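Overview (structure and organization)
Here's the letter readout for the chains.
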Amino acid sequence: MGPKQVVHMGRYIIRRILFAIPTLLGISLVIFAVLALAPGDPLAQFAADPSVPPEVREQIRVSLGLNDPWYIRYFKWLGALMRGDWGFSFAARVPVIELIGQRLPQTLQVIGLAYIISICLAIPIGIISAVKPYSAFDNIATTFAFIGFSVPTFFTGLLLILIFSVNLRWLPFIYNSTLEVTDWNSFWQQVKQMIMPVTVLALYQTGTLTRFVRASMMENLPMDYTRTARAKGLNERNVILWHVLRNSMIPVATLIALGVPTIFTGAIVTEQIFRINGIGELLIRSIQNSDTPVVMAITFIFAVLVVSFNLIVDVLYGVLDPRIRYE
Amino acid sequence: MYRKRLLTWLLATLVLTMVLAACGSAPPAQAPTSEPPAAQATTPPSTEATMAPPAETPTEAPTEAPAATGRGAGDVLRILYWQAPTILNTHLAVGTKDWDASRLILEPLASIGPDGKLVAELVTEIPTVENGGIAEDLTSITWKLRDDIKWSDGSDLTAADVVFTYEYCADETTACTTASAFDGIASVEAVDDYTVKITWEAPNANSYKTFTSNSGRIIQKAQFESCIGAAASTDAACQAANLAPIGTGPYKLVDFRVGDTVLYDINEFYRDPDKPFFQRVEIKGGGDAPSAARAVFQTGETDWAWNLQVEAAVLQQLINQGGQGVLVPYNTANVERILINFTNVDPELGEERGQLSQPHPFLTDLAVRQALALSIDRRAISEQLYGPTGFPTCSLLWYEPFASGPDDFFGDCEQDIDAANALLDEAGWELGADGVRVKDGIRLSVIFQTSVNSLRQKTQELIKANWEAIGVETELKSVDAGVFFGSDVGNPDNIGHFFADIQMYTTGASEPDPTSHLCQWVSEQASQSENEWRGQNNMRWQNAEYDALCAELRAETDPDRQVEIALAMDALISSDVSMIPLVARPRVAGASNALRGYNPSGWDSELWDVANWYKE
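A short tour of the structure in this document, coming up. Within each chain, residue numbers correspond to sequence positions counted from 1 in written order. The lettering of chains begins at A and the numbering of ligands begins at 1, in the order of writing. Side-chain atom pairs in this predicted model are given and counted only at pLDDT of 80 or more, local residue features only at pLDDT of at least 70, and totals for whole chains, interfaces and linings cover all residues. With hydrogens and water stripped out, all remaining heavy atoms of the structure feed into the side-chain values.

**Description of unusual backbone geometry**
Of the consecutive residues Lys275(B) and Pro276(B), the connecting peptide bond is found in the cis state with omega at -5°. For the peptide bond that leads from Glu400(B) to Pro401(B), omega is 0°, which places it in the cis range. For helices the rule is a DSSP run of H or I covering at least 4 residues; for strands it is a run of E covering at least 2, with both sets numbered from the N terminus onward. Structurally, Pro401(B) is set in the loop between strand E13 (391-392) and helix H12 (417-426). Of note in this structure, Tyr134(A) is not a glycine but carries a positive phi near 60°. The phi angle at Val577(B) is positive, at roughly 45°, despite the residue not being glycine. Its location among the elements puts Val577(B) in the loop between helix H17 (559-576) and strand E20 (579-584).

**Quick notes on the pairing of strand E8 (residues 261-266) of chain B**
Consecutive residues of a regular strand have side chains that alternate between opposite faces of the sheet. Residue and element names in this part refer to chain B. The buried label applies to any residue whose accessible area, calculated with a 1.4 Å probe on protein chains only, is under 20% of its type's maximum; exposed applies above 50%, and partly exposed to all values in between. With respect to burial, E8 is a largely interior element, 5 of its 6 residues being buried. Here the rule is simple: two strands pair whenever DSSP picks up at least two bridges between them. Pairing of strand E7 (residues 251-257) with E8 involves 6 bridges; the strand directions are antiparallel. Residue pairing in the sheet places Asp 255 in a bridge with Leu 263 of E8. In textbook terms, the turn of a hairpin is the stretch between consecutive antiparallel strands, and for E7 and E8 this stretch comprises 3 residues, one of which, Gly 259, has a positive phi near 75°. The sheet contact formed by E8 and strand E9 (residues 278-285) spans 5 bridges and is antiparallel. The residue bridging Leu 263 from the neighbouring strand is Glu 282, located in E9.

**A word on the interface of chain A and chain B**
With 63 residues of chain A at the interface, the matching set in chain B holds 76 residues. Buried area is calculated as the accessible area (1.4 Å probe) missing from two parts once they are joined, with the contributions of both summed. The junction of chain A with chain B conceals about 5900 Å² of combined surface from both sides, 58% of it contributed by carbon and sulfur atoms. Of all residues in chain A, Arg93(A), Arg169(A) and Arg275(A) give up the largest surface area on contact with chain B, accounting jointly for 13% of the area buried on that side. Salt bridges are identified by distance alone: a Lys or Arg side-chain nitrogen within 4 Å of an Asp or Glu carboxyl oxygen. In this assembly, chain A and chain B are joined by 1 salt bridge. The residue Arg534(B) makes a salt bridge to Glu58(A) at a minimum N-O spacing of 2.7 Å. In the analysis that follows, any N or O atom pair within 3.5 Å is treated as a polar contact, provided that within protein one partner can donate a hydrogen and the other can accept it, and provided that, for residues neighboring in sequence, both atoms belong to side chains. Summed over the shared surface of chain A and chain B, the number is 21 residue pairs in polar contact (both at pLDDT 80 or more). Its residues assigned to classes, the side of chain A that touches chain B comprises 35 nonpolar, 17 polar and 11 charged. The contact rule is simple, with two residues in contact once any of their heavy atoms fall within 4.5 Å. When residues are grouped by polarity, Ala, Val, Leu, Ile, Met, Phe, Trp, Tyr, Cys and Pro land in nonpolar, Asp, Glu, Lys and Arg in charged, and all others, Gly among them, in polar.

**Examining the packing of aromatic side chains**
In summary, the pairing rule links any two rings of Phe, Tyr or Trp, Trp by its six-membered ring, whose centres are within 6.5 Å, and it sorts them by plane angle into stacked for under 30 degrees, edge-to-face for over 60 and tilted for everything else. In this structure the tally under the stated criterion is 34 aromatic pairs over all chains. The interplanar angle of 90° and the centroid separation of 5.1 Å between the aromatic rings of Phe391(B) and Trp398(B) together place this pair among those described as edge-to-face. Accessibility assignment for this pair places Phe391(B) and Trp398(B) in one class, buried. Ring centres of Phe448(B) and Trp467(B) lie 5.6 Å apart, and the angle between their planes is 45°; on these two criteria the pair is classed as tilted. Remark: Trp467(B) occurs in helix H13 (residues 454-468) and Phe448(B) occurs in strand E17 (residues 445-451); sequence separation between them is 19 residues. A residue is classified by how much of its surface remains accessible, and Phe448(B), at 0% relative accessible area, is buried. These aromatic residues form a ring-pair network of at least three members: Phe32(A), Tyr74(A), Phe75(A), Trp77(A), Trp86(A) and Phe300(A). It is Arg214(A) that lies over the ring of Tyr134(A); its NZ or CZ is 5.7 Å from the centre. Comment: the charge-over-ring label is applied if NZ (Lys) or CZ (Arg) is within 6 Å of the ring centre and within 35 degrees of the ring normal.

**Focus: the packing of helix H11 (residues 279-288) of chain A against helix H12 (residues 292-320) of chain A**
Residues and elements named next belong to chain A. At a closest axis distance of 8 Å, the pairing of H11 and H12 adopts a crossing angle of 135°. The angle between H11 and H12 falls in the class oblique. Here H11 runs over H12; the crossing is left-handed. Judged by residue contacts, Ile 279, Leu 282, Leu 283, Ser 286 and Ile 287 of H11 engage Val 294, Val 295, Ile 298 and Thr 299 from H12. Looking at the contact of H11 with H12 residue by residue, the class counts come to 7 nonpolar, 2 polar and no charged. Between N-to-C directions, angles cover 0 to 180 degrees, with each direction set by a line fitted to C-alpha atoms, over the stretch in contact for helices. Orientation categories follow fixed angle ranges, with anything under 35 degrees roughly parallel, anything over 145 roughly antiparallel, 65 to 115 roughly perpendicular, and all other angles oblique. Should the near helix be turned anticlockwise from the far one by less than a right angle, the crossing is termed left-handed; should it be turned clockwise, right-handed.

**Observations regarding the pattern of salt bridges**
Counted by the stated rule, this structure contains 35 salt bridges over all chains. In this structure, Arg285(A) engages Glu281(A) in a salt bridge whose closest nitrogen and oxygen atoms are separated by 3.2 Å. Of this pair, Arg285(A) and Glu281(A) are both found in helix H11, 4 residues apart, which corresponds to roughly one turn of the helix. No difference in accessibility class separates Arg285(A) from Glu281(A), as the two residues are buried. Across the pair Arg443(B) and Glu473(B) runs a salt bridge whose closest N-O atoms are separated by 2.7 Å. Of the two residues, Arg443(B) is situated in strand E16 (residues 442-443) and Glu473(B) in strand E18 (residues 473-479); the sequence distance between them amounts to 30 residues. A relative accessible area of 33% means that Arg443(B) is categorised as partly exposed. In this structure Glu473(B) comes out as partly exposed when scored by relative accessible area, which is 30%.

Here you go:
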């Protein structure tokens, strides 16, 4: 990349960031409107409880500002956000950002690990499958890949619980988020409680990714440049790893990068099943309990991540593929 | 080629076997050492057998603590709530789970035991008219605090803290969930350091409504002093205090992961030197009720599981297969009931929809209401769907002191399709060609709504079949629970608007005194657009006799006479069929086989007596 290229790329990035602002505003407006239009009440649990009569619930709604029209609430929310204030959760009365901060480590630990494992598994499996298509290995890999991405995580999760927790009693299915890893024993406990959720998620993601790597490799294997490389007398290993793989990785890298934001938002179903206090679990609970500030914060952060990773991917393209120019 | 196919097939078979192995009724693989058979023998053999008077059956008397116990003799008590606690200041709670999680820390002046009687916690005795604690004319009550109670930070609990708790919630802008417990108070004053006097605005027959049970937890003045008003939720120091209140209870907070886990340690200043038994308590939240049941009955990962609202068949199977725990049902006043709409909610009426000026076209006919009630098979609903978590009832007040149990009434409301048909025939409702009864061009066709909940949907199905047998067309509707029980004005699908003919949900008195519960349905409480559909009488039932009884009940001070009036009101509900009680719903928890000493109360927090719990 020459200096001219760098300047072009700089301009491109700035332009994209400027475009991102109205996009994000639009997204936040839509989410807010949807939340405001969906009826719900943070105190719905007390609705049939005579000790919390309607007047009291009304007073609480007023104190939470829920009785203003939705567009006023939206601008209040946006104004506070500009000052860096994400608001406080109705259910816990603490700043939303604190809640998210409490949960991020668990999510990154479990979901992030599953993601890394699935990348580490999918790339080699995909390569071998593509190099030896329809071999026994490929058939097994394909079968697992199909099982992986066609069986929903709530099913594999329950299946693993029934086998390993209920029948064999090897692994716990209640995630202990207060466990502190201080020695080998507690480390082993941490590993034990992470095995099942990580497996469930990794199985699902590996399945999808393997198919992708395989397809991309298959596409590049019959290309002219591959034949040239072989004709030069390079050994097969170098041909595959240096020539075919590098080119095949361009779409795969996109897919992987675009998947990164989903790590931060957690896995709603898996977190629920194993009681992991991750962000996905927080999101679904907050939706159920009409805890608008929390839902807004999580979805908005997710939107920001998606937009920025799209940009990162586009920039990454230029690095991976010199043919792409930003003009 | 063959080999490859073979491999694939082998693999597929392997996976299939795994699936089958998991789904099939696997033997109750016992953990090798965890379960000495003797432990099982001491537990109640079957939950069904213990159901009839379910209140305290599975527990031993909480007072007889065995010699082996003592403060901190036990290790960890693990409690599982499928709804996670989110705040520990009870006055700002958003659900029962918050009341329960905070009960280990914050205490009321007196708890209410399973029998509806008060148990002194922070006071020397329960005030009564006889001991002079309650004024003869019922205008005041005086509580005498114990002088040896310390907060978990070592400071003394004094009358100032109690007065402060009142001031905290008396301010409307604090927006306490518990505000109604502080209604009707003229003043709360500290007579001396250990004496608190509440003066009522008017003579109050329900003297114990303040500073008792869930709504009456005392918070520390020093900690919350600057938190009155909006600051309660917005000020950073108050937010921190809400999550970590200092209390007088058996435990103090160690760590609170909001919406996930609460960890507690013994409060070394707790008043009883021999209690609590467990060094630590861990309340884990999240997941769902069936998997919580699995954790306590099958894997034994938890010692106590809250509110196991699981379908009877599934629950029974988990208990039988598991062998790790027992079911602990305990009575509440909750009754699943059908409510009948007395106004016309036809959408074509526009603004007039559901207003009192628009009587319902056919549900105002007593014969129709009686027929609807007569045709329901409560027994089938209760036995097939609720199992140990419910029993059929014909009355809202089936519990002590109003009745000795639901059996008192049974027989009054057995299903009788023939009688129901006869009633409708007599009233002139004739069966049409399509199997639906008609009179003067009006078809007996109802919309029946409830919240989304598999138990409720199955109940709806059974009732629909019953009603169609008497020629009443029934259309079922289910609304998401958050919406159904939500209270915002623009929400047409909630129980307040009641834009359907029939609806069904559970509610019940939350305190032993049924007045506030029964008086919800007086005529002037009808939910209308004028009160933004927040009147509690959402049936819009108008009955002058009932209104008069309510007024009489509010003024009555003689307990025996109160019971009589309450029963008369209940009888009126049954005879005028404004509501149809279906199933009395005990709350159901699960306890590990080794856990002892629990005595959950339907009038207070499930964990109110956690200081008495121990393990053998």
